[in-house]
Amino acid sequence: MIVLHASFPIKPEKREQAIELTDDLVEGSNQEDGTIEYRATVDLQHENVIRFIERYEDAEALEAHTQTEHYQAFGEHLPDLLDGEPEVLRFDVESMEALDV
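This one's a predicted model, so the numbers in the text were calculated from it and none came from an experiment.

Colleague: Help me understand the sheet that holds strand β4 (residues 87–92), please; the structure alone is not making it clear to me.
Modeller: Within a sheet, adjacent strands bond to each other through the backbone by hydrogen bonds, running parallel or antiparallel. With antiparallel pairing, the four strands of this open sheet are ordered in space as β2-β3-β1-β4. The open sheet has two edge strands, β2 (35–42) and β4, and neither has a second partner. On average, each strand axis in the sheet is inclined to that of its neighbour by 10°, with strand direction left out of account. Relative to strand β3 (residues 49–56), β2 runs antiparallel, the two sharing seven bridges. Considered in β3, the bridge of Glu-37 is made with Arg-55. Contacts from helix α2 (residues 59–66) reach β1 (2–9), β2, β3 and β4, with the element oriented near 135° to β3.

Set out below in structure tokens:
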């Protein structure tokens, strides 16, 4: 399994547009074969940072995701939305288990 955690700092005046575009991206991404989970959240401490948590079955599913229309559409708007450099971390995971809290 591949897990991505991405943080995108968004220009304050572009926040609502970014959230709308993100909502479309999340909806489309969760319909893709090989996507286990695709979520986006707004950071509680930094309201103009959108965080993505993505889980894919394998590298092929991640690559296919980057070729989708909804991913490409989001990417076209990204330069106008960003207020700094995004950070994207990739984790290659061999096993996972739920923890009791």
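Colleague: Would you mind going over the side chain of His-65 with me for this structure?
Modeller: Along the chain, His-65 falls in helix α2. Judged by its relative accessible area of 1%, His-65 is buried. For His-65, the side chain forms a polar contact with the side chain of Glu-32, separated by 2.9 Å. Setting aside anything within four residues of it in sequence, one finds His-65 in contact with Leu-25, Ser-29, Glu-32, Tyr-38, Glu-54, Tyr-56 and Tyr-71.

Colleague: Would you take a moment to explain the nonpolar core for this structure?
Modeller: Generally speaking, nonpolar side chains in soluble globular proteins are found buried as a group. In terms of nonpolar packing, the biggest core is built from 19 residues, with Phe-8, Ile-10, Tyr-38, Phe-52, Tyr-56 and Phe-74 touching the most fellow members. For this core, the secondary structure elements donating two or more residues are β1, α1 (15–29), β3, α2 and α3 (69–81). Other than its neighbours up to four places away in sequence, Phe-8 contacts Asn-48, Val-49, Ile-50, Phe-52, Leu-78, Leu-82 and Pro-86.

Colleague: Can you walk me through α2 in this structure?
Modeller: In an α-helix, one turn spans 3.6 residues, which is why side chains three or four residues apart end up on the same side. Residues of α2 that are buried: Ala-61, Leu-62, His-65 and Thr-66. The buried side chains of α2 occupy one side of the element, clustering within an arc of 140° when seen end-on. On its buried face, α2 is in contact with β1, α1, β2, β3, α3 and β4. N-capping of α2 is provided by Asp-58, with a side-chain oxygen placed 3.3 Å from the backbone N of Glu-60.

Colleague: What should I look at first to understand the pattern of salt bridges in this one?
Modeller: Applying the stated criterion to the full structure yields six salt bridges. For Lys-14, the salt bridge goes to Asp-80, with nearest N and O atoms at 2.9 Å. Of the two residues, Lys-14 sits in the loop between β1 and α1 while Asp-80 sits in helix α3, which places them 66 residues apart along the sequence. Between Glu-37 and Arg-39 there is a salt bridge, and its shortest N-O distance comes to 2.3 Å. Sharing partners across several salt bridges, the network here consists of Glu-37, Arg-39 and Arg-55.

Calculation notes
- Residues numbered from 1 in each chain as written.
- Predicted model: local features only at pLDDT ≥ 70, side-chain atom pairs only at ≥ 80, totals over all residues.
- Heavy atoms only, no water.
- Pairing = 2+ DSSP bridges.
- Helix = DSSP H or I, 4+ residues; strand = E, 2+ residues; numbered from the N terminus.
- Axes fitted to C-alpha atoms, helices over the stretch in contact; angles between N-to-C directions.
- Contact = heavy atoms within 4.5 Å.
- Buried < 20%, exposed > 50% of the residue type's maximum accessible area, 1.4 Å probe, protein only.
- Polar contact = N/O pair within 3.5 Å; in protein donor to acceptor, adjacent residues only side chain to side chain.
- Core = buried A, V, L, I, M, F, W, Y, C linked by side-chain atoms within 4.5 Å.
- Arc of directions from axis to C-beta.
- Salt bridge = Lys/Arg side-chain N within 4 Å of Asp/Glu carboxyl O.

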